[in-house]
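Remarks on the overall topology
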Amino acid sequence: MSKAIVSSLLILAAFALLSLVFGASYLETTLPGGLPIGNALAAIVLCAAAGSAVGLSARRTALRRLSVISLVGAVAWLPLSIALAGNLNLNFHGDNGVIWLTLSAVIAAIVLCALIWALVSILLRLLRKNA
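To start, this report covers the structure provided alongside it. (Residues numbered from 1 in each chain as written. Predicted model: local features only at pLDDT ≥ 70, side-chain atom pairs only at ≥ 80, totals over all residues. Heavy atoms only, no water.)

For the rest of this paragraph, the subject is the packing of aromatic side chains. A full pass over the atoms with the stated rule returns two aromatic pairs. Aromatic side chains Trp77 and Trp100 sit 6.3 Å apart centroid to centroid with 45° between the ring planes, which places their arrangement in the tilted category. Here Trp77 is found in helix H3 (residues 62-85), whereas its partner Trp100 is found in helix H4 (residues 96-130), with 23 residues between them in sequence. On the basis of an interplanar angle of 25° and a centroid distance of 4.8 Å, the ring pair of Phe92 and Trp100 is categorised as stacked. Three or more aromatic residues joined by ring pairs make a cluster, and in this case those are Trp77, Phe92 and Trp100. (Phe/Tyr/Trp six-rings, centres within 6.5 Å; stacked < 30°, edge-to-face > 60°. Helix = DSSP H or I, 4+ residues; strand = E, 2+ residues; numbered from the N terminus.)

See the structure below:
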């Protein structure tokens, strides 16, 4: 994957994450079909970060396998969340909320680990090259 694509994905992930962290006023606005923008941005954070990890990782490595797994989990997060909630607003009832929170935490941790590993790998590669 090109550097421009990876950079764009990282910028997109940062924008979406900052919008969520700072509670942007548009988060509760609904997209056509009824999905709140905030839920879409949460999925974008996961997918863009995982996609960046895939783009930064070398083929046929453990990092690439983890990155692909994180991307699959990130892509599945929103449909699984909607299925668990039974609605697009992700309002949960009963034990489904605990299941969703656990699922979300696991997927986010895998994505974060893959991205950090990919960034450290790139940094080490650059340091070795310049040494």
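On the secondary structure map, Ser81 appears in helix H3. Spatially, the C-alpha atoms of Ser81 and Leu103 are 8.7 Å apart, while their sequence positions differ by 22 residues. Excluding residues within four positions of it along the chain, Ser81 makes contact with Leu90, Phe92 and Trp100. A distance of 2.8 Å separates a polar atom in the side chain of Ser81 from a polar atom in the side chain of Trp100. (Contact = heavy atoms within 4.5 Å. Polar contact = N/O pair within 3.5 Å; in protein donor to acceptor, adjacent residues only side chain to side chain.)

A few words now on the packing of helix H1 (residues 3-21) against helix H2 (residues 37-56). Two elements in contact, H1 and H2, have axes whose closest approach is 8 Å; the angle formed by their N-to-C orientations is 150°. As far as their axial angle goes, H2 and H1 are roughly antiparallel. You can see that H1 and H2 cross each other, and the crossing is left-handed. Residues Val6, Leu9, Leu10, Leu12, Ala13, Ala16, Leu17, Ser19 and Leu20 of H1 form the contact with H2, whose own contacting residues are Gly38, Leu41, Ala42, Ile44, Val45, Ala48, Ala49, Gly51, Ser52, Gly55 and Leu56. Classifying every residue of the contact of H1 with H2 gives 15 nonpolar, five polar and no charged. (Axes fitted to C-alpha atoms, helices over the stretch in contact; angles between N-to-C directions. Parallel < 35°, antiparallel > 145°, perpendicular 65-115°, else oblique. Left-handed = near helix turned anticlockwise from the far one by under 90°. Nonpolar A, V, L, I, M, F, W, Y, C, P; charged D, E, K, R; others polar.)

Now for the nonpolar core. Grouped together as the largest cluster of nonpolar side chains are 15 residues, with contacts concentrated most on Leu46, Ala74, Trp77, Leu78, Ile107 and Val111. In this structure, Trp77 is in contact with Asn39, Ala42, Ala43, Leu46, Leu90, Trp100, Ser104 and Ile107, ignoring residues within four places of it in sequence. Core analysis: the next-biggest nonpolar cluster, separate from the first, contains six residues, Val6, Ala53, Leu63 and Ala114 among them. (Core = buried A, V, L, I, M, F, W, Y, C linked by side-chain atoms within 4.5 Å. Buried < 20%, exposed > 50% of the residue type's maximum accessible area, 1.4 Å probe, protein only.)

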